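# A closer look at the structure
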Amino acid sequence: MPLEHSTLRALKRLLGAENVAADPCRARVYGYDASVSGYPPEAVVFPVTTEQAAGVVRLANERGFFVIPRGAGTGMTGGSVPVQGGVVLCLSRMDNILSIDAANLTADVEPGVVTGRLHREVEKLGLFYPPDPSSSDYCTIGGNVAECAGGPRAVKYGVTRDYVLTMEAVTGAGEVLETGARTFKGVVGFDLTRLIVGSEGTLAVATRVTLRLLPLPRAVRTVAAVFDTMKAAGRAVADIFAAGEVPRAIEFLDSGSLQCAEKAMNAGLPTDAGAVLLMEVDGSPGEADRQAGALAEVCQKSGARFTQTHPDSPEAKKLWAARKAVSPALFAFAPHKINEDVVVPISRIPDLVEKVEALRAETGLTMVSFGHAGDGNIHFNIMLDKSDPGQARKADYVLNQVFSTVISLGGTLSGEHGVGTTKAPYLSMEVSPERIRLMQGIKKVFDPKGVLNPGKIFPFPS
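Notes on the structure follow.

Cut-offs and rules
- Residues numbered from 1 in each chain as written.
- Predicted model: local features only at pLDDT ≥ 70, side-chain atom pairs only at ≥ 80, totals over all residues.
- Heavy atoms only, no water.
- Axes fitted to C-alpha atoms, helices over the stretch in contact; angles between N-to-C directions.
- Helix = DSSP H or I, 4+ residues; strand = E, 2+ residues; numbered from the N terminus.
- Parallel < 35°, antiparallel > 145°, perpendicular 65-115°, else oblique.
- Left-handed = near helix turned anticlockwise from the far one by under 90°.
- Contact = heavy atoms within 4.5 Å.
- Nonpolar A, V, L, I, M, F, W, Y, C, P; charged D, E, K, R; others polar.
- Buried < 20%, exposed > 50% of the residue type's maximum accessible area, 1.4 Å probe, protein only.
- Polar contact = N/O pair within 3.5 Å; in protein donor to acceptor, adjacent residues only side chain to side chain.
- Core = buried A, V, L, I, M, F, W, Y, C linked by side-chain atoms within 4.5 Å.
- Pairing = 2+ DSSP bridges.
- Salt bridge = Lys/Arg side-chain N within 4 Å of Asp/Glu carboxyl O.
- 1 Å grid on protein atoms, 1.4 Å probe; cavity = no way out; pocket = protein on both sides within 12 Å on 5 of 7 lines; lining within 4 Å.
- Points joined across faces, edges and corners; volume = space filled by probe spheres on them.

### Notes on the packing of helix 8 (residues 230-242) against helix 10 (residues 285-301)
Across the interface, helix 8 lies against helix 10 with an axial gap of 9 Å and an inter-helix angle of 135 degrees. Classed by the angle they form, the pair helix 8 and helix 10 counts as oblique. Helix 10 is crossed by helix 8, and the crossing has right-handed handedness. Where helix 8 abuts helix 10, its residues Ala 236, Asp 239 and Ile 240 lie against Leu 295, Val 298 and Cys 299. Residue composition of the contact of helix 8 with helix 10, by class: 5 nonpolar, no polar and 1 charged.

Below, the structure written as structure tokens:
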């Protein structure tokens, strides 16, 4: 239902006419993310201050429309899509790096700052912001905070929640909160910062974030190991940790993703292999060299047919670019993609791989896996034509089978993509009714009228 003209006028008074878009053609652009499309909002607004963002949410409470926070729209579960209509609160114009404090290892940023830009700016000062989602050249800090984004380096350095120290945020009631402390330690009261991080824009909208930084590692090495089977590669990951080594990244590509990555990037990847482990270590030059050698040795003992070590060079960068290119390149297989990011304990990766192989043989569907083997986070993809009812039914069957297997192995249904709308129907497979009720109660405290990002996480209205 279109917004009332009086509400549009109120939004334009609040933000300026240039920061409000209600034209249906333009608004339609904001009705999608990387997985869900076809839900155009009634309007899109572009706040440039916290007070403007808070004003939009307060107006929503007064006049009864929904507010859907949005960054760059790179999410994978429909988290920023206005599935129940409403006004998209696009934070892309709040894109200032407010300060970088090298002495205290912090950065203050607005939510629209692109993650890759922050990486480059802090590295100029010899500093390091570890979270590195595959979409880092496009995604924003605000979206990373909403989804608790991770990336390849999470195995050693953790995920977004481990680097958010303080936050200025607008609750669903339109109140402005200051949470956290600028120190690396702080246990005064409940940790509201960590509660908001990963809440998918359902509790509050971050409008300023203080991020923890680290010193930039002096040396980085990349190790590539080629295996005949994905199962052997999975065993090698467990062997690496058993040997006492903790790389900053251990990524894997199965045979299908290898073919796509090589076609997209021509990086010299072996398309006849069953799997490749792409690993990264860092530290002093001596430590990086030692650990790279140790990883190569473990992989060889675990059955790798070939290993190669690269310094921080154009060749290494090309390998990592190929890894990041896998997801969009998968559309060479089919017009539609179902992308899941399940997680299992590291030692159970071979068990999950075996189940996926069996389902591939049973259904004949094209399935491709890649992802963060170092923390058990598998990006499992089904490529299909959704207009074919037979393929769609098989895909539903496969998803239920994979999710059930993940839970039975002690895993979780999402490591970094969140629940959004696409995983909401499966929430009860992992989360008990008691926990769901508690989460909904928390939602009610932050957002008593339910205006903020409805239709997300919960499989029924909250």
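We are not done yet, so read on.
### Some remarks on the environment of Arg 117
Tracing the backbone through its elements, the reader meets Arg 117 in helix 4 (residues 115-123). Distance from Arg 117 to Ser 136, taken between C-alpha atoms, is 8.4 Å for residues 19 residues apart in sequence. Sequence-distant contacts of Arg 117, defined by excluding residues within four places in its chain, comprise Asp 95 and Ile 97.

### So, the side chain of Arg 323
Checked against the element boundaries, Arg 323 lands in helix 11 (residues 314-329). Owing to a relative accessible area of 3%, Arg 323 belongs among the buried residues under this scheme. Among the polar contacts listed, one links the side chain of Arg 323 to the side chain of Glu 251, at a separation of 2.7 Å. The contacts of Arg 323, once residues within four sequence positions are left out, are Ser 134, Glu 251, Leu 278, Phe 370, Gly 371, His 372 and His 379.

### With respect to unusual backbone geometry
If a residue is not glycine, its phi is most likely negative; likewise, a peptide bond is most likely trans. For Leu 105, which is not a glycine, the phi torsion comes out positive at approximately 55 degrees. For Leu 105, the position within the fold is in the loop between strand 5 (97-101) and strand 6 (106-109). With phi around 60 degrees, Glu 200 is a residue other than glycine that occupies positive phi space. Within the secondary structure layout, Glu 200 lies in the loop between helix 7 (192-196) and strand 10 (204-212). With relative accessibility at 5%, the residue Glu 200 sits in the buried group.

### Thoughts on the nonpolar core
When a protein is soluble and globular, its nonpolar side chains tend to lie buried together. Ranked by size, the top nonpolar core spans 47 residues in total, and within it Phe 227, Leu 277, Met 279, Leu 352 and Ile 382 carry the most contacts. Residues contacting Leu 277, with those up to four places away along its chain left out, are Val 223, Ala 224, Ala 225, Phe 227, Ala 233, Ala 236, Val 237, Ile 250, Glu 251, Phe 252 and Cys 299. Of all hydrophobic cores here, the second largest spans 29 residues; its members include Val 109, Ile 141, Met 167 and Val 209.

### Considerations on the sheet that holds strand 4 (residues 87-90)
Strands sit in the order 1-2-4-3 across an open sheet of 4 strands; the sheet is mixed. Pairing within the sheet leaves two strands with one partner each, and these edge strands are strand 1 (20-21) and strand 3 (67-70). One ladder, built from 2 bridges, connects strand 1 with strand 2 (residues 43-45); its direction is antiparallel. Bridged to Val 20 within strand 2 is Val 45. Of the strands in this sheet, strand 2, strand 3 and strand 4 are in contact with helix 3 (residues 50-63), which crosses strand 3 at around 155 degrees.

### Quick look at the pattern of salt bridges
The full count for this structure, using the stated rule, is 25 salt bridges. The salt bridge partner of Glu 357 is Arg 360, with a shortest N-O separation of 2.8 Å. Within this pair, Glu 357 and its partner Arg 360 are both found in helix 12 (residues 349-363), separated by 3 residues, close to a single helical turn. Judged by relative accessible area, which is 40%, Glu 357 ranks as partly exposed. Several salt bridges share partner residues, and in doing so they unite Asp 108, Glu 178, Arg 182 and Arg 208 into one network.

### Examining empty space enclosed by the protein
Evaluation of the coordinates by the stated rule reveals 1 cavity of 30 Å³ or more. Considered as a void within the structure, the largest cavity measures approximately 70 Å³ in volume. Taken together, Met 230, Asp 254, Ile 349, Leu 352, Val 353, Val 356, Glu 357, Arg 360, Ser 369 and Ile 378 make up the lining of the largest cavity. Grouping the constituent residues of the lining of the largest cavity by class yields 6 nonpolar, 1 polar and 3 charged.

### Focus on the layout of surface pockets
Approximately 1100 Å³ is the volume found for the second largest pocket. For the second largest pocket, the lining is made up of 40 residues, of which Arg 161, Gly 198, Glu 200, Val 419 and Met 439 are closest to its centre. Only helix 7, helix 14 (427-430) and helix 15 (433-446) provide two or more residues apiece to the lining of the second largest pocket.

### A word on the pairing of strand 6
The side-chain alternation of strand 6 yields two buried faces, one formed by Thr 106 and Asp 108 and the other by Ala 107 and Val 109. The hairpin turn running from strand 5 into strand 6, its antiparallel successor, is 4 residues long, and Leu 105 in that turn takes a positive phi close to 55 degrees. Pairing between strand 6 and strand 10: 4 bridges, direction antiparallel. Opposite Thr 106, over in strand 10, you have Arg 212 as the bridge partner.

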